[in-house]
Amino acid sequence: MRVMAQIAMVMNLDKCIGCHTCSVTCKQTWTNRSGMEYAWFNNVETRPGQGYPRRYEDQERWKGGWTLTRRGKLKLKQGSRAWKLASLFANPVLPTIRDYYEPWTYDYRNLTDAPLGDDYPVAPPRSLVTGKPMSVQWSANWDDNLGGAAEYGQDDPNVVRMREEVGERIRFTFEESFMFYLPRICEHCLNPSCVAACPSGAIYKRAEDGIVLVDQDQCRGWRQCVTGCPYKKIYFNHKTGKAEKCTFCYPRVEVGLPTVCSETCVGRLRYLGVMLYDADQVTAAAATADEKQLYHAQLACFLDPEDPEVRRAAARDGISREWLEAARRSPVYALISEYRVALPLHPEYRTMPMVWYIPPLSPVVDAVADSGFDGEDAGNLFGAIDALRIPIQYLAELFTAGDIAPVRLSLDRLAAMRSHMADLNLGRTVTEDKAAAVGMTAAAIERMFHLLAVAKYEDRYVIPTAAMSEAHQLEEAAVGSGCSLETEGGPGMSEDGSFGTGSGRKSLPLVTIESFHAMRKQQTADTPEEPRP
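Nothing here was measured: the structure is a model prediction, and the numbers come from that model.

Rules behind the numbers
- Residues numbered from 1 in each chain as written.
- Predicted model: local features only at pLDDT ≥ 70, side-chain atom pairs only at ≥ 80, totals over all residues.
- Heavy atoms only, no water.
- Helix = DSSP H or I, 4+ residues; strand = E, 2+ residues; numbered from the N terminus.
- Buried < 20%, exposed > 50% of the residue type's maximum accessible area, 1.4 Å probe, protein only.
- Contact = heavy atoms within 4.5 Å.
- Polar contact = N/O pair within 3.5 Å; in protein donor to acceptor, adjacent residues only side chain to side chain.
- Pairing = 2+ DSSP bridges.
- Phe/Tyr/Trp six-rings, centres within 6.5 Å; stacked < 30°, edge-to-face > 60°.
- Lys NZ or Arg CZ within 6 Å of the ring centre and 35° of its normal.
- Salt bridge = Lys/Arg side-chain N within 4 Å of Asp/Glu carboxyl O.
- Axes fitted to C-alpha atoms, helices over the stretch in contact; angles between N-to-C directions.
- Parallel < 35°, antiparallel > 145°, perpendicular 65-115°, else oblique.
- Nonpolar A, V, L, I, M, F, W, Y, C, P; charged D, E, K, R; others polar.
- 1 Å grid on protein atoms, 1.4 Å probe; cavity = no way out; pocket = protein on both sides within 12 Å on 5 of 7 lines; lining within 4 Å.
- Points joined across faces, edges and corners; volume = space filled by probe spheres on them.
- Arc of directions from axis to C-beta.

Peer 1: What's the story with the environment of A279 in this structure? I'm lost.
Peer 2: Turning to its location among the elements, A279 is positioned in the loop between β12 (270-278) and α11 (282-286). Classification of A279 by relative accessible area gives buried; the value is 14%. Between the C-alpha atoms of A279 and C301, which are 22 residues apart in sequence, the distance is 7.7 Å. Ignoring sequence-local partners within four residues, the contact set of A279 consists of R2 and M4.

Pasting the structure below:
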């Protein structure tokens, strides 16, 4: 057993209202620069739909993730080393700007500068790529609220697979429509195919917290990582010639703060916490032959932080006390391993993703209530789950490689929780029957309800701050050893650095900027600011 720790995320899709606040704040923080206009580290998709980039889940076309050889060994789906070498300078398997979308702005000057006439002036769209007038034909969420379902819904790769496997057809007529929102970021996988695909070794997975990053100095712009990532969450900056991706807001995480998308989420649907896992089991789990068993194989890699043997092994492997304590209180571990209501996104890609999802249940409750029955009654809910307008098979194609059982268990437990809490709040007789029917206890259901419904900030985001204490220790060690850089006028000791006021100030404490408007010029500038005289 080799214990490692990772910061992971769970999103409760029951709470997502599709407001895109997470996307906008992430955009303003990380990709509000030239060359990244089309890139969204965080985006919210309407399901059913084609996603962003278009049909990114069709790995027969995009060749992302891993596959198994005849001997049961993992290999990149994009091809052998010889194939990658042959396509190094002209990779043929890349999404085009049309698969993403051509970013645009509006010519608002036309509203004020247009000459007098009989027609009302408009603000025509102009391409942010060419600067020329354009016709808007696609965007990062063209399927928003099923807006494009009638025309494009049948092209959803999950719909196609479900149709091929079970012979069912999702109907996209208005009266039979059903939808939910799916926020997506980089999965920061345990077995990332983007890392293996990078010829220059620029992409790496941090050992201390599992965050996958791109070394901008090492990146050579081969774009093999874009092909290798099955979630298409690596973007090529056409201005800098470098690959960029979601950083899991590591500067915030390192000081115990949640990611920007989590901090600003209106629905409070995101949870952050530590997962302990056995690194020695990752490769074998990812190589599980049956795709429908990949979810269970990844679950088996996760370790119980309450297990004394695990805690001893973690201490032996360098996991600090702060991280062990955070793992014990982790809401992510509770939702994934204890309550088993969170599921991974497309485990069949064999990357072992670490951003998991709780499938939506609210439409089921609303449908039962609209039919005149008690929407919180367990019997009604359990029956209604089998009659979803979009079959459970669709959710299974998204989260469990087509295996219905884990999805059904998750939805049953969510339904039992609603029914149990309705009985409790309305003064009805509360028994263990409903909890026992889904393999839980009444106390466990109430703890799960607290976490999913009324959890406070510190319960949803349990992030260890060991990075801060380690940083301060390093600072003290440097001062005590008489580091040559700690001299007046030495490098970095000026009051003003190359990126503006305060960037080179001495003894600057480890802090984060909470306001997105503060120091905006420094954050969004493409070139360093000249030091003041």
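Peer 1: Can you help me understand helix α15 (residues 331-338) in this one?
Peer 2: Within α15, seven of the eight residues are buried, which leaves it mostly tucked inside the rest of the structure. When α15 is considered as a whole, its buried residues turn out to be P331, V332, Y333, A334, L335, I336 and S337. On its buried face, α15 sits against β1 (3-12), β12, α12 (294-301), β14 (355-358), α21 (442-454) and α22 (457-460). The N-cap of α15, judged by a side-chain oxygen 3.3 Å from the amide nitrogen of V332 a few residues on, is S330. Count one or two residues on from α15 and you reach R340, which has phi positive near 55°.

Peer 1: Looking at this structure, how should I read the sheet that holds β12?
Peer 2: Strand-to-strand pairing in sheets goes through backbone hydrogen bonds, with the strands running parallel or antiparallel. What the four strands build is an open sheet, ordered β12-β1-β14-β13; its pairing is mixed. On the outer flanks of this sheet lie β12 and β13 (343-344), each paired with one strand and no other. Pairing analysis gives four bridges linking β1 to β14, with the strands arranged parallel. Looking across to β14, one finds that M9 is bridged to V355.

Peer 1: Sorry, what's going on with the packing of aromatic side chains here?
Peer 2: Between two aromatic rings, the relevant description is the distance of the centres plus the angle of the planes. For the structure on display, the rule yields 16 aromatic pairs. Here the aromatic rings of Y106 and Y108 are separated by 6.0 Å at their centres, their planes lie at 55°, and the arrangement is tilted. Three or more aromatic residues link up through ring pairs in this structure, and these residues are Y38, F41, Y52, Y100, Y101, W104 and Y235. One residue, K27, lies across the ring of W40, its end atom 5.0 Å from the ring centre. Above the ring of W138, the side-chain terminus of R54 is found at 3.7 Å from the ring centroid.

Peer 1: Can you help me understand the pattern of salt bridges in this one?
Peer 2: Where charged atoms of side chains with opposite charge meet at close range, the side chains can pair. By the definition in use, this model includes 22 salt bridges. Note that D317 and R316 form a salt bridge whose closest N and O atoms lie 3.0 Å from each other. Residue D317 is classed as partly exposed on the basis of its relative accessible area, which comes to 30%. For R316, a relative accessible area of 55% gives the class exposed.

Peer 1: What exactly am I supposed to notice about the packing of helix α19 (residues 404-425) against α21 here?
Peer 2: The geometry of a pair of packed helices is captured by two quantities: the angle between their axes and the separation between those axes. One can describe the packing of α19 onto α21 by two numbers: an axis separation of 10 Å at closest approach and a directional angle of 95°. In terms of their interaxial angle, α19 and α21 are classed as roughly perpendicular. Here R413, L414, A416, M417, H420, M421 and L424 of α19 come into contact with α21, specifically with A442, I445, E446, M448, F449 and L452. Looking at the contact of α19 with α21 residue by residue, the class counts come to ten nonpolar, one polar and two charged.

Peer 1: So what exactly am I meant to see when it comes to the layout of surface pockets here?
Peer 2: To find leftover empty space, one rolls a probe the size of a water molecule over the atoms. Counted as a void, the second largest pocket has a volume near 440 Å³. Lining the second largest pocket are 24 residues, with Q59, E60, R161, E291 and E348 positioned closest to its centre. Elements with a contribution of two residues or more to the lining of the second largest pocket: α2 (59-62), β3 (66-68) and α6 (157-166). Partitioning the lining of the second largest pocket into residue classes produces six nonpolar, five polar and 13 charged.

Peer 1: What is the right way to read helix α13 (residues 308-316) from this model?
Peer 2: Burial in α13 covers these residues: V310, A313 and A314. The buried residues of α13 occupy one face: seen down the axis, they fall within an arc of 100°. Of the residues in α13, the exposed ones pointing more than 90 degrees away from the buried face are R312 and R316. If you follow the buried residues of α13, they end up packed against β1, β12 and α14 (321-328). At the N-terminal boundary of α13, the capping side chain belongs to D307, with an oxygen 2.9 Å from the backbone nitrogen of E309.

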